[in-house]
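# Summary of the model geometry
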Amino acid sequence: MVRYSSHYTRQTWLNRLSALFAFALRRGYITANPCDRLDRVTVDKKPPQILSPAQSQQLLAQCPTVMRPYVVLGMFAGIRPDEIERLDWAESDLEAGTAFVDGKTRQRRIVKLEPVAVRELRKHPLRTGSVAPSSATIARWRAKARAALGLAQWPQDLLRHTAASYLLALHQDSGKVATMLGNSSGVLL
């Protein structure tokens, strides 16, 4: 018997096996997908963790210069961490208030930057090369930021979820915010 560390793990493996058997079914190697007979796991998703306005201000105030663009683009534009790490200053137009982002599926999208993000990015002394520092620098900063905020661990996509929550409150339009984040309304909500 296989032990699963969580319902997510079990569901993930079910999805992967089902995809494999669906491929075999399409090719005619099997006559039915055995995963279709299995009960799906119901997973109660926890709401994403976001920063309070006070925590956001604290994080930005204590942010070293080298990390500032990374934090600003994550917290005010909701750009995914890996997208920020691929972003070059040449792909941002602060005059127009936009950034051209290679998305999760490698589809390019234009992200409209909020005025506060543009204002903060203009303060940065460097405007060439990679927007984000090295992965090691990001990891060290996260550890310090986590401790300063009193978090037991750094939640996945914390800055992005914070941006999504506040952008939704600001614009009151899930479709618009979902498009800004490179998602669908269903995923956003």
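Residues numbered from 1 in each chain as written. Predicted model: local features only at pLDDT ≥ 70, side-chain atom pairs only at ≥ 80, totals over all residues. Heavy atoms only, no water.

## Some thoughts on helix α8 (residues 174-181)
Residues of α8 that are buried: V177, A178, M180 and L181. Projection of α8 onto a plane perpendicular to its axis shows the buried side chains occupying an angular sector of 160 degrees, all on one side. Where α8 begins, one side-chain oxygen reaches toward the backbone nitrogen of G175, 3.1 Å away; that side chain belongs to D173. With its phi angle positive at about 75 degrees, G182 sits one or two positions after the end of α8. (Buried < 20%, exposed > 50% of the residue type's maximum accessible area, 1.4 Å probe, protein only. Helix = DSSP H or I, 4+ residues; strand = E, 2+ residues; numbered from the N terminus. Arc of directions from axis to C-beta. Polar contact = N/O pair within 3.5 Å; in protein donor to acceptor, adjacent residues only side chain to side chain.)

## A short note on the confidence of the model for the protein
Across the protein, the average pLDDT comes to 87, with 91% of residues at 70 or higher. Looking across the protein, the model is least confident in helix α9 (residues 185-188), with a mean pLDDT of 62, and most confident in helix α3 (residues 68-77), with 95. (pLDDT = per-residue confidence, 0-100.)

## Notes on the environment of L60
With respect to the helices and strands, L60 occurs in helix α2 (residues 53-61). By relative accessible area, L60 is classed as buried at 11%. Each C-alpha atom, one on L60 and one on A132, is 15 Å from the other, the two residues being 72 residues apart in sequence. Leaving out residues up to four positions away in the same chain, L60 has contacts with R68, V71, V72, M75, F76 and E120. (Contact = heavy atoms within 4.5 Å.)

## Some thoughts on the side chain of T98
Mapped onto the secondary structure, T98 falls in strand β2 (residues 98-102). Given a relative accessible area of 13%, T98 falls into the buried group. Sequence-distant contacts of T98, defined by excluding residues within four places in its chain, comprise E91, S92, D93, I110, V111, K112 and L113.

## Observations concerning the packing of aromatic side chains
What characterises a pair of aromatic rings is the spacing of the ring centres plus the angle enclosed by the ring planes. Scanning all chains against the criterion turns up two aromatic pairs. Centroid distance Y70 to W141: 6.4 Å. Interplanar angle 75 degrees. Geometry classified as edge-to-face. Placement of the pair is Y70 in helix α3 and W141 in helix α6 (residues 135-149), with a sequence separation of 71 residues. You'll find Y70 and W141 in the same group, each marked buried. Considering the side-chain rings of W141 and W154, the 5.4 Å spacing of their centres and the 65 degrees angle between planes classify their relative orientation as edge-to-face. With W141 in helix α6 and W154 in the loop between α6 and α7 (158-171), this pair connects stretches of sequence that are 13 residues apart. One exposure class covers both W141 and W154, and it is buried. (Phe/Tyr/Trp six-rings, centres within 6.5 Å; stacked < 30°, edge-to-face > 60°.)

## Focus: the sheet that holds strand β3 (residues 108-112)
Taken in spatial order, the three strands line up as β1-β2-β3 in an open sheet, and their pairing is antiparallel. Since the sheet does not close on itself, it has two edges, and those belong to β1 (92-93) and β3, each with one partner. (Pairing = 2+ DSSP bridges.)

## Quick word on α3
For an α-helix the count is 3.6 residues per turn, leaving residues at separations of three or four pointing the same way. The buried fraction of α3 amounts to nine of the ten residues, a majority that puts the element mostly inside the structure. Among all positions of α3, only R68, P69, Y70, V71, V72, L73, G74, M75 and A77 are buried. With its phi angle positive at about 70 degrees, G78 sits one or two positions after the end of α3.

## Things to note about the pattern of salt bridges
One pass over the full model with this rule turns up eight salt bridges. For the salt bridge of R109 with E83, the shortest nitrogen-to-oxygen distance reads 3.0 Å. Taken together, the residues span a long stretch of sequence, with R109 in strand β3 and E83 in helix α4 (residues 81-86) at a distance of 26 residues. On the basis of relative accessible area, R109 is assigned to the buried category, the value being 12%. On the accessibility criterion, E83 (1% relative accessible area) is buried. Between R108 and D102 there is a salt bridge; the shortest N-O distance is 3.1 Å. By relative accessible area, which is 46% here, R108 ends up partly exposed. (Salt bridge = Lys/Arg side-chain N within 4 Å of Asp/Glu carboxyl O.)

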